[in-house]
Amino acid sequence: FEFKDGTKMPAAFRYDWRLWSIPELKDILAEAGFSTVDVYIEADDKDGNGTGVYTRRTRGAADRAVISYIVAGA
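The following refers to the structure shown. (Residues numbered from 1 in each chain as written. Predicted model: local features only at pLDDT ≥ 70, side-chain atom pairs only at ≥ 80, totals over all residues. Heavy atoms only, no water.)

## Brief notes about the sheet that holds strand β2 (residues 50–57)
Pairing within the open sheet is antiparallel, and its 3 strands lie in the order β2-β1-β3. Of all strands in the sheet, those with a lone pairing partner are β2 and β3 (68–73), marking the two edges. Put simply, the sheet's adjacent strands are angled 25° from each other on average, direction ignored. Note: strand β1 (residues 36–44) against β2, 5 bridges, orientation antiparallel. Each bridged residue has a counterpart across the sheet, and for I41 the counterpart in β2 is T55. (Pairing = 2+ DSSP bridges. Helix = DSSP H or I, 4+ residues; strand = E, 2+ residues; numbered from the N terminus. Axes fitted to C-alpha atoms, helices over the stretch in contact; angles between N-to-C directions.)

Put into structure tokens, the structure is as follows:
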């Protein structure tokens, strides 16, 4: 990032990613005090494409990418 006066900030938009797994997120939410943590995973059609339909699951396939919602309640 460069300012009008010529000074620069080379790492202005740097972010170090941390990818969290669903089990890790469930554990963190439980540690934070949530009494229920549910995971809703998108269903696939016969070609492996998402259907837009989400169902509550306790297990899922070990895919490279999963569209899911994690819902926590007190």
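## Focus on the packing of aromatic side chains
Applying the stated criterion across every chain yields a total of 4 aromatic pairs. Look at Y15 and W17: their rings are 5.3 Å apart centre to centre, the planes differ by 85°, and that puts the pair in the edge-to-face class. Each member of the pair Y15 and W17 is classed as exposed. Arranged with centres 5.0 Å apart and planes meeting at 65°, the rings of Y54 and Y69 form a pair that is edge-to-face. Of this pair, Y54 sits in strand β2 while Y69 sits in strand β3; the two residues are 15 residues apart in sequence, bridging distant segments of the chain. Looking at Y54, the relative accessible area reads 28%, which means it is partly exposed. Of the aromatic side chains, those joined through ring pairs into one cluster are F1, F3 and F13. When the ring centre of W20 is taken as reference, the NZ or CZ atom of R18 above it lies at 3.9 Å. (Phe/Tyr/Trp six-rings, centres within 6.5 Å; stacked < 30°, edge-to-face > 60°. Buried < 20%, exposed > 50% of the residue type's maximum accessible area, 1.4 Å probe, protein only. Lys NZ or Arg CZ within 6 Å of the ring centre and 35° of its normal.)

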